[in-house]
Amino acid sequence: QALGAPPESSVLLGTDATKPKVTSTDLSQYRVLAFATHGLLPGELRCQAEPALVLTPPAALTTEDNGLLDASDIAQFRLDADWVVLSACNTAGLDGSLGGESLSGLARAFFYAGARRLLVSHWAVASRPTVALTTGLFTQVAGTPALGRAEALRRSQLTLADTVETSHPVFWAAFVVVGAGW
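Within any chain, residue numbers begin from 1 and follow the written order of that chain's sequence. For a predicted model such as this one, the threshold for reporting local features is a pLDDT of at least 70, and the threshold for listing and counting side-chain atom pairs is 80 or more; totals across whole chains, interfaces and linings nevertheless cover every residue. The basis for every side-chain value is the complete set of non-hydrogen atoms in the structure, without hydrogens or water.

**Looking at the side chain of Thr18**
- Residue placement: Thr18 occurs in the loop between α1 (7–10) and α2 (19–24).
- For Thr18, a relative accessible area of 17% translates into the label buried.
- Counted as a polar contact is a pair of N or O atoms within 3.5 Å, where, for protein atoms, one must be capable of donating a hydrogen and the other of accepting one, and residues adjacent in sequence contribute only when both atoms are in side chains. A polar atom in the side chain of Thr18 sits 3.2 Å from the backbone nitrogen of Lys21.
- In what follows, a contact means two residues having at least one pair of non-hydrogen atoms within 4.5 Å. Here Thr18 is in contact with Leu55 and Thr56, once residues within four sequence places are set aside. Going along the chain from the N terminus, every DSSP run of H or I of four or more residues is numbered as a helix, and every run of E of two or more is numbered as a strand. To sort residues, take the accessible area from a 1.4 Å probe on protein chains only and compare it with the maximum for the residue type: under 20% means buried, over 50% means exposed, and anything in between is partly exposed.

**Some points on helix α4 (residues 106–113)**
- Within the span of α4, buried status applies to Leu106, Ala107, Ala109, Phe110 and Ala113. When α4 is viewed along its axis, its buried side chains cluster within an angular range of 160° and face the same direction.
- Contacts made by the buried residues of α4 are with β1 (32–36), β3 (52–54), α3 (71–75), β5 (83–87) and β6 (117–121).
- Immediately downstream of α4, the backbone of Gly114 shows phi near 120°, a positive value. The arc under discussion is defined with respect to the helix axis, by the directions toward the C-beta atoms.

**Some points on the nonpolar core**
- If you look at the biggest cluster of nonpolar residues, it comprises 26 residues, and the most contacted ones within it are Phe35, Leu79, Val84 and Phe110.
- Looking at this core, the elements that each hand over two or more residues are β1, α3, β5, α4 and β6.
- Ignoring any residue separated from it by four or fewer positions in sequence, one finds Leu79 in contact with Leu27, Ser28, Leu33, Val84, Phe110, Ala113, Gly114 and Ala115.
- One finds Leu133, Leu137, Leu147 and Ala152 within the second-largest nonpolar core, a separate group that totals 15 residues. Buried residues of nine kinds, namely Ala, Val, Leu, Ile, Met, Phe, Trp, Tyr and Cys, make up a nonpolar core once their side-chain atoms join them within 4.5 Å.

**Section: the layout of surface pockets**
- Only protein atoms enter the 1 Å grid used here, on which a cavity is any set of points holding a 1.4 Å probe that cannot leave and a pocket is any open set flanked by protein within 12 Å on both sides along at least five of seven lines; residues with an atom within 4 Å of a point are listed as lining. Grid points are joined across faces, edges and corners, and a volume is the space filled by probe spheres set on the points. Of the voids in this model, the largest pocket is the one considered here, and its volume is about 1,300 Å³.
- The wall of the largest pocket is formed by 38 residues, among which Ser10, Val11, Leu33, Ala34 and Phe35 lie closest to the centre.
- The set of elements that each furnish at least two residues to the lining of the largest pocket consists of α1, β1, β5 and α5 (127–143).
- Looking at the lining of the largest pocket element by element, the count peaks at 6 residues for α5.
- Its residues assigned to classes, the lining of the largest pocket comprises 24 nonpolar, 13 polar and 1 charged. Each residue gets one of three labels, nonpolar for Ala, Val, Leu, Ile, Met, Phe, Trp, Tyr, Cys and Pro, charged for Asp, Glu, Lys and Arg, and polar for the others, Gly among them.

**So, the sheet that holds β1**
- Any two strands are treated as partners once DSSP identifies two or more bridges connecting them. Read from one edge of the open sheet, 4 strands run β1-β5-β6-β7, paired in mixed fashion. Unpaired on one side and paired on the other, β1 and β7 (175–179) mark the two borders of the sheet. Neighbour-to-neighbour, the strand axes of this sheet turn through a mean angle of 15°, independent of strand direction.
- Sheet topology note: the β6/β7 ladder contains 5 bridges and is antiparallel. When the sheet's bridge partners are listed, Ser121 is paired in β7 with Phe175.
- A fitted line through C-alpha atoms represents every axis, and for helices the fit uses only the stretch in contact; the resulting angles, taken between N-to-C directions, go from 0 to 180 degrees. Of the strands in this sheet, β1, β5, β6 and β7 are in contact with α5, which crosses β5 at around 160°.
- Across the face of the sheet, helix α6 (residues 149–161) comes into contact with β5, β6 and β7 while running at roughly 180° to β7.

**Description of the pattern of salt bridges**
- In the sections that follow, a salt bridge refers to a side-chain nitrogen of Lys or Arg positioned within 4 Å of a carboxyl oxygen of Asp or Glu. Considering all chains together, one arrives at 6 salt bridges under this definition.
- Shared partners join several salt bridges into a network, and the residues in it are Arg31, Asp80, Asp82 and Arg116.

**Looking at α6**
- Expected helix span is given by 1.5 Å per residue-to-residue step, counting one fewer step than there are residues. Taking 1.5 Å per residue as the helical rise, α6 with its 13 residues ought to reach 18 Å, and the 18 Å between its terminal C-alpha atoms agrees with that figure.
- Along α6, the positions that sit buried rather than exposed are Arg149, Ala152, Leu153, Ser156, Gln157 and Leu160. Relative to the axis of α6, the buried residues are bounded by an arc of 135° and lie together on one face.
- On its buried side, α6 packs onto β5, β6, α5 and β7.

Listed below in structure tokens is the structure:
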């Protein structure tokens, strides 16, 4: 709502948030993409060798649809996104290699696909504070369009830090904006 997106056509929830639906959508038409889900690091599942975003799993798993949007799927997108918001755990996590770069997993795939900046997390995050953080961030951007994304994040983080229930950094410090400045 804060970004003025048409609700019915631009939001995939529940059973609509599937790998086939996401991969068959022309994502190049969107300037902001937001994924609010769970992020997996390589090795969290024995069968998963690369980082992934968890989508709605199919009734029967197939090689085409295992319910995971992994880094190699993301790298095949053709994006023209100013901003990709990964409201999930560990989205800035390592790619699984020893000594790997801190942004080598999902972030690298989105940059390769054409995203100019990302909101990513460095560790597992709690759902309710993350919702407050990201909606506060979108509200900051909508209220002051010239405001930089990093400054909008900082303001949203300060709001959580100034609230007793979410004052501990575990609730607000996981997220960072990476990529093109503003």
